[in-house]
Amino acid sequence: MTALHEPIAPIVNELDLKAFRETLGCFATGVAIVTTASTDRRPVGLTISSFNSVSMAPPLILWSLSLDSPSLSAFRDQDCFTVNILSADQADLARHFAKPQDDKFENVNWNWGPTGTPLLDECSAVMQCRSYRRYEGGDHEIFLGEVIGLNMTGRPGLVFSRGKFCRAEQAV
Ligand SMILES: Cc1cc2nc3c(=O)[nH]c(=O)nc-3n(C[C@H](O)[C@H](O)[C@H](O)COP(=O)(O)O)c2cc1C
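Draft legend 1. Focus on the site of the ligand. Around the ligand sit 18 residues, and of these Thr 47, Ser 50, Ser 64, Ser 69 and Lys 104 come closest. A distance of 3.2 Å is found between an oxygen atom of the ligand and a backbone nitrogen or oxygen belonging to Ala 98. Surface burial for the ligand is 78%, taken as the share of its 630 Å² of free accessible area covered by protein chains. Going through the elements one at a time, strand E3 (43-48) and strand E5 (60-66) are the ones with two or more residues in the shell around the ligand.

Next comes the structure, spelled out in structure tokens:
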């Protein structure tokens, strides 16, 4: 076993990047689909696990988006986005929104919300956000959002851990 205080090698080669990814995967997260609209009012969305809380006053959250994502310009251009926090029964929806496609919203149950961003049905919770700040983050862009609307359904959340979708809420 490697002691935590041993010198830390820089992550340089492909093998180390694989270990970096796998190590990150040990941190179990929730799963969300973050949504907005393109400038020509088409719904835009993708699956994320980088969502986290930041601040209570003001109420801020963050997530990060790959600079390679075709959705990047929509999230940069719009004032608002919505974080649809997925429920345990929505693993297939998470997989669907993690694949690049022309119209991801076809055959999906959703509605336009009051901020002009898509709200997905049957989620665990929904947070409507106003874009607050954007930061450079290597090969991702970090989005900070100010939460301006909330809804919780009471459905248990979906968890992503070590590359697998799992059900939350088993107390230990
Ligand atoms: C569980 C899970 C979590 C993900 N988290 C992120 C994330 O936080 N940020 C990101 O840019 N992509 C993330 N992805 C990958 C995107 O969902 C995927 O690249 C998707 O195709 C992006 O949509 P787009 O091609 O329409 O931009 C994640 C995928 C999965 C399955």
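Draft legend 2. Geometry of the environment of Ser 69. With respect to the secondary-structure elements, Ser 69 resides in the loop between E5 and helix H2 (72-77). With 27 residues separating them in the primary sequence, Ser 69 and His 96 have C-alpha atoms 15 Å apart.

Draft legend 3. Quick peek at a nonpolar patch on the surface. Judged by side-chain polarity, Leu 17, Phe 20 and Leu 24 come together as a nonpolar surface patch covering roughly 270 Å² of accessible area. By the secondary structure assignment, Leu 24 is in helix H1 (residues 14-25).

Draft legend 4. Representation of the packing of aromatic side chains. A full pass over the atoms with the stated rule returns eight aromatic pairs. For the pair Trp 63 and Phe 75, a centre-to-centre distance of 4.9 Å together with 70° between the ring planes defines the contact as edge-to-face. Here Trp 63, found in strand E5, pairs with Phe 75, found in helix H2; they are 12 residues apart in sequence, far enough to count as distant. Neither residue differs from the other here; Trp 63 and Phe 75 are each classed as buried. Relative to Phe 81, the ring of Trp 63 has its centre 5.8 Å away and its plane inclined at 70°; by these criteria the two rings are edge-to-face. Of this pair, Trp 63 sits in strand E5 while Phe 81 is found in strand E6 (residues 80-85), placing the two residues 18 residues apart along the sequence. Aromatic ring contacts, followed pair by pair, group Trp 63, Phe 75, Phe 81 and Phe 143 into a single cluster. Sitting over the ring of Trp 112, Arg 41 keeps its end group 5.2 Å from the ring centre. Looking at Arg 133, its charged tip hangs above the ring of Tyr 132, at a distance of 4.6 Å from the centre.

Draft legend 5. The arrangement of the sheet that holds E6 in detail. Reading across the sheet, the seven strands line up as E3-E2-E6-E9-E10-E5-E4 and stay open at both edges, with antiparallel pairing between neighbours. Of all the strands in the sheet, the pair left with one neighbour each is E3 and strand E4 (52-55). The mean inter-strand angle of the sheet, taken between neighbouring strand axes irrespective of direction, is 35°.

Draft legend 6. Fine view of the side chain of Thr 117. Relative to the helices and strands, Thr 117 resides in the loop between strand E7 (110-112) and strand E8 (118-120). In this structure the side chain of Thr 117 is engaged in a polar contact, spanning 2.6 Å, whose partner is the side chain of Thr 82. If sequence neighbours within four positions are ignored, Thr 117 has contacts with Thr 35, Thr 36, Cys 80, Phe 81, Thr 82, Asn 111 and Trp 112.

Draft legend 7. Local environment of the pattern of salt bridges. In total, this model carries seven salt bridges according to the counting rule given. Residue Glu 146 pairs with Arg 130 through a salt bridge whose shortest N-O separation is 3.7 Å. With Glu 146 in strand E10 (residues 140-152) and Arg 130 in strand E9 (residues 125-137), the pair connects residues that are 16 residues apart, well separated along the chain. Here the salt bridges do not stand alone but share partners, grouping Arg 76, Arg 134 and Glu 141 into one network.

Draft legend 8. View of the state of the cysteines. The final tally for this structure, using the stated rule, is zero disulfides. Free cysteine: Cys 80, not disulfide-bonded; nearest cysteine sulfur from Cys 129 at 8.6 Å. With no disulfide of its own, Cys 123 has Cys 129 as its nearest cysteine by sulfur position, at a separation of 13 Å.

Conventions and cut-offs
Residues numbered from 1 in each chain as written. Predicted model: local features only at pLDDT ≥ 70, side-chain atom pairs only at ≥ 80, totals over all residues. Heavy atoms only, no water. Near = heavy atom within 4 Å. Polar contact = N/O pair within 3.5 Å; in protein donor to acceptor, adjacent residues only side chain to side chain. Areas by Shrake-Rupley, 256 points an atom, 1.4 Å probe, with all protein chains shown as cover. Helix = DSSP H or I, 4+ residues; strand = E, 2+ residues; numbered from the N terminus. Patch = residues over 30% accessible without salt bridge, like charges linked within 9 Å, V, L, I, M, F, W, Y side chains within 5 Å. Salt bridge = Lys/Arg side-chain N within 4 Å of Asp/Glu carboxyl O. Phe/Tyr/Trp six-rings, centres within 6.5 Å; stacked < 30°, edge-to-face > 60°. Buried < 20%, exposed > 50% of the residue type's maximum accessible area, 1.4 Å probe, protein only. Lys NZ or Arg CZ within 6 Å of the ring centre and 35° of its normal. Pairing = 2+ DSSP bridges. Axes fitted to C-alpha atoms, helices over the stretch in contact; angles between N-to-C directions. Contact = heavy atoms within 4.5 Å. Disulfide = S-S within 2.5 Å.

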